[in-house]
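What follows is each chain in one-letter form.
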Amino acid sequence: MHFDSLSDFFAMGGHAFYVWWSYGITFVLLITLTVVSVIKRKSLLTQIAQQHEHEKKLKQMRKDKKKNES
Amino acid sequence: MWKWLHPYAKPERSYQLASTLLPWFAISSVILLTIGVVWGLAFAPSEAYQKEYYRIIYIHVPAATLSMSVYMAMATAVLISMVWQLKLADATAAALAPVGATLTTIALITGAIWGAPSWGTSWVWDARLTSYLILLFLYLGVIALNNAFDDKALASRAAGILTLVGVVNIPIIKYSVEWWNTLHQTATISKFDSPSMSTEMLWPLLINITGFAFMIGTLTLIRFKNEVLARNSMRPWVIELATKEGIK
Amino acid sequence: MTPLDHQSLNYTPLSYGQLFMKVMNRDLKVAIHNKGDILNPLIFLVIVITLFPLGIGPETNLLTRIAPGIIWVAALLSALLSLERLFKNDFIDGSLEQMLLSPQPLFIMVLAKITAHWLLTGLPILIIAPLLGLMLHMEPLAYPALMITLAIGTPVLSLIGAIGVALTVGLKKGGVLLSLLILPLYIPLLIFATGAIEAASLGMPYGSHLAIISALLIGAITLSPFAVSSALRVSTN
């Protein structure tokens, strides 16, 4: 290891602010994009399923209506 | 020779392929990035002039180099979709845009943070910086256009036209900005002159670039799967998947 | 206003020149009916130019230095303002669709419409530009450069802008999106144009800048109508 101690490592030779901020922001941005993408998949699937259910109900209703009429 | 490719023009097959590839890409990127970041942050020697804060290079350079490649990949996908009318290429292009925009943002932000100690200022109207800022604007335009249409296929075609116009413009922007910069700039900025990086510094960088590439692959695959689902929402296999996973 | 009169039953093939003139004349006639469309961007331009000395302070030296940039940025913005009418009305009343359906080459018609747009918006900017230079105490040496860059630069604004308008014409909230799409593409033009004027005001040769702006113009004339045509096909679906 290049640094003598852990506190040395975190201090980054007095430039901790710059180093940790840039790594932190990168990490946060990438995680955000990942999470958003994964959540989108869930919501998409729910939406598609709901739409399908809705259409099924509509079909059923139409069938029932026809039965009642005849 | 091309026969083995044909089945993948079917959305379902491609979706499955993306699903099988996804964990491998994800695992490779996590492993590579962990190694690269830890090596870069803790084990690589410090730089002569910049001491420790040069370590920003291990995320800045991968993000910057790959953000341009992602744009070219997006343009290639658009071209494929226009020439061969391949709908999956549209999905790929739409999946790539937010990933590229995020990478460009990372490159700009880390660059600004890095600039503060090394140049004494976070932002200079340097040729590189300006052209990356414009690249970000191009990405944002493509994303905005992708979201502006209700019809996904239509949105892709519109965004595709803009992507190609952007490709024509990227070299023009690059050279214009470079020229503009040299014409106007009076104070020369001492740039980080790396006297051909030592191998101990270079290795983590190369590992991180590969790790970033795999991570881009992972994110693109996730988003590609979403796009395929959204574009094929009326297909039986999607509905089956949705009823299985969607409502719980 | 009838959309395009060559669509009558006794259809006779038009030469490219005739077609170009017909489409252009039609657009010019329509524009003369609503004069506000031409005048408002111009008034906007003058007001923006007026705002700068008020905001920065009337210090002559400073104004002289930043005049080329201000004039060009204001010209960009006013072009942006006027762009929407390039296809919007035609889209609403359906004549755009007629144009796409007609057997005539779309390339020529699009080019004619863009030319008409430039005549209505770019040319007036060119005419009042010396006045704007005067308001900002521009360096006397720089006037020829200002005029020449505007003369070859404003058509590029119309040509590139047309792509953005064609992409957004079918959208309800296309206006803001339009500026997001095309302003980045305007940057090279802005850089070279202001570079030329600046060089001229220092008494330096600016031929190379002009050559590049001309190259941009030629490139835009050849490529932009194709992009506009396919974008219109997407927008009208």
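In the block above lies the structure referred to throughout.
The rules behind the values
- Residues numbered from 1 in each chain as written.
- Chains lettered and ligands numbered in written order.
- Predicted model: local features only at pLDDT ≥ 70, side-chain atom pairs only at ≥ 80, totals over all residues.
- Heavy atoms only, no water.
- Contact = heavy atoms within 4.5 Å.
- Salt bridge = Lys/Arg side-chain N within 4 Å of Asp/Glu carboxyl O.
- Polar contact = N/O pair within 3.5 Å; in protein donor to acceptor, adjacent residues only side chain to side chain.
- Helix = DSSP H or I, 4+ residues; strand = E, 2+ residues; numbered from the N terminus.
- Buried < 20%, exposed > 50% of the residue type's maximum accessible area, 1.4 Å probe, protein only.
- Phe/Tyr/Trp six-rings, centres within 6.5 Å; stacked < 30°, edge-to-face > 60°.
- Buried area = accessible area lost by both parts, 1.4 Å probe.
- Nonpolar A, V, L, I, M, F, W, Y, C, P; charged D, E, K, R; others polar.

Draft legend 1. Seen up close, the interface of chain B and chain C. On the side of chain C, 25 residues touch chain B, which itself brings 25 residues to the contact. The interface formed by chain B and chain C includes zero salt bridges. For the pair chain B and chain C, the number of links is zero residue pairs in polar contact (both at pLDDT 80 or more). Of all the secondary-structure elements, those providing two or more residues to the side of chain B that touches chain C are helix 4 (127-148) and helix 5 (152-184) of chain B.

Draft legend 2. Focus on the pattern of salt bridges. For the structure shown, the criterion picks out seven salt bridges over all chains. Residue R231 of chain B is joined to E227 of chain B by a salt bridge in which the shortest nitrogen-to-oxygen separation is 3.0 Å. Residue R231 of chain B and its partner E227 of chain B are located together in helix 6 (residues 199-231), separated by four residues, close to a single helical turn. Given the relative accessible area of 23%, R231 of chain B is considered partly exposed. Sharing partners across several salt bridges, the network here consists of R26, D27, D90 and K113 of chain C.

Draft legend 3. Layout of the packing of aromatic side chains. Residues and elements named next belong to chain B. According to the stated counting rule, one finds four aromatic pairs over all chains in the structure shown. Measuring from centroid to centroid gives 5.4 Å for F25 and F214, while their planes differ by 65°, and the two rings are edge-to-face. Of this pair, F25 sits in helix 1 (residues 11-43) while F214 is found in helix 6, placing the two residues 189 residues apart along the sequence. Measuring from ring centre to ring centre gives 5.4 Å for Y71 and Y139, while their planes differ by 70°; the resulting arrangement is edge-to-face. Remark: Y139 occurs in helix 4 and Y71 occurs in helix 2 (residues 57-84); sequence separation between them is 68 residues. Residue class for Y71 comes out buried when judged on its relative accessible area of 0%.

Draft legend 4. Just unusual backbone geometry, in detail. Residues and elements named next belong to chain B. Despite not being glycine, Q85 has its phi angle at roughly 55°, a positive value. Mapped onto the secondary structure, Q85 falls in the loop between helix 2 and helix 3 (87-119). Residue classification places Q85 among the exposed residues on the basis of a relative accessible area of 63%.

Draft legend 5. Local environment of the interface of chain A and chain B. Listed per partner, the contact involves 33 residues of chain A and 44 residues of chain B. Summing the contributions of chain A and of chain B, the shared interface buries around 3,500 Å²; its carbon and sulfur component is 76%. The tally of links between chain A and chain B comes to zero salt bridges. The interface formed by chain A and chain B contains four residue pairs in polar contact (both at pLDDT 80 or more). Ranked by the residues each element gives to the side of chain A that touches chain B, the list is headed by helix 2 (residues 16-69) of chain A, at 26 residues. When its residues are assigned to classes, the side of chain A that touches chain B shows 18 nonpolar, eleven polar and four charged.

Draft legend 6. Inspection of the environment of M99 of chain C at higher detail. Summarising the element assignment, M99 of chain C is placed in helix 5 (residues 95-101). Residues M99 of chain C and A79 of chain C lie 20 residues apart in sequence; the distance between their C-alpha atoms is 24 Å.

Don't take any of this as a statement about function, it's just geometry.
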